[in-house]
Amino acid sequence: MTTTHDATALRARAGNSAGPQAPRPGRHNPMPQQPTIGVCALCKQTRPVFPPDPAWGRVPGPLCGPQWSEYAQARDQGTFAHFRDAFDNATDEQLQEFLQP
Ligand SMILES: [Zn+2]
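Residues numbered from 1 in each chain as written. Predicted model: local features only at pLDDT ≥ 70, side-chain atom pairs only at ≥ 80, totals over all residues.

## A word on the overall build of the protein
Part 1 of the reasoning: When helices and strands are counted, the protein shows four helices and three strands.
Part 2 of the reasoning: When the helices and strands of the protein are read in sequence order from the N terminus, they spell out α-β-β-β-α-α-α.
Part 3 of the reasoning: Scored against the burial criterion, the 101 residues of the protein give a buried share of 17%. (Helix = DSSP H or I, 4+ residues; strand = E, 2+ residues; numbered from the N terminus. Buried ≥ 20, exposed ≤ 12 C-beta atoms within 10 Å, placed from the backbone.)

## As for the sheet that holds strand β1 (residues 36–39)
Part 1 of the reasoning: In space, the three strands of this open sheet follow the order β1-β2-β3, with antiparallel pairing throughout. The open sheet has two edge strands with one neighbour each: β1 and β3 (63–64).
Part 2 of the reasoning: Relative to strand β2 (residues 46–50), β1 runs antiparallel, the two sharing four bridges. Each bridged residue has a counterpart across the sheet, and for T36 the counterpart in β2 is V49. (Pairing = 2+ DSSP bridges.)

## As for the pairing of β2
Part 1 of the reasoning: Counting the residues in the hairpin turn of β1 and β2 gives six residues, including K44, whose phi is positive at 60 degrees.
Part 2 of the reasoning: Judged from the two bridges that link them, β2 and β3 form a sheet pairing that is antiparallel. The residue of β3 that forms the bridge with F50 is L63.

## Topic: the nonpolar core
Part 1 of the reasoning: The biggest cluster of nonpolar side chains holds twelve residues, and these are C40, L42, V49, F50, V59, L63, C64, W68, Y71, A72, F80 and A81.
Part 2 of the reasoning: When contributions to this core are tallied by element, the ones reaching two or more residues are β2, β3 and α2 (65–76). (Core = buried A, V, L, I, M, F, W, Y, C linked by C-beta atoms within 7 Å.)

## Quick look at the confidence of the model for the protein
Part 1 of the reasoning: Looking at the protein as a whole, the pLDDT averages 81, with 66% of positions reaching at least 70.
Part 2 of the reasoning: Here helix α1 (residues 7–12) is the element of the protein with the lowest mean pLDDT, 49, and β3 is the one with the highest, 97.
Part 3 of the reasoning: Below a pLDDT of 50 lies the segment residues 14–19, which in the model reaches one contact outside its immediate sequence neighbourhood of four places, other chains included. (pLDDT = per-residue confidence, 0-100. Contact = placed C-beta atoms within 7 Å.)

Right, here's the structure in full:
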């Protein structure tokens with residue numbers, strides 16, 4: 001007996017429905033629902049991890065909860081999580097600003 005499960009079919013379910021009852025969380029989603037267990041790209045520890053938001057720019061992933069929040073909070077405030085983040089994602093002007101408060 002052979003069963004073929006298409007992983008893309010599962011992924012396609014997210015974001016396709018615009019039902020009238022759909023919650024509108026505003027600009028930012030809270031933490032994505034289902035963490036997977038994996039190795040965090042930053043602290044290299046095996047923990048529940050979340051994929052980074054594509055809107056954040058160049059962010060290594062997956063990220064553990066605390067570091068995911070760090071990015072989410074920084075972007076919420078229009079800034080960067082740390083130097084590496086600013087280096088990867090800031091414009092020259094933003095980088096200057098980040099380095100000179
Ligand atoms: Zn981490």
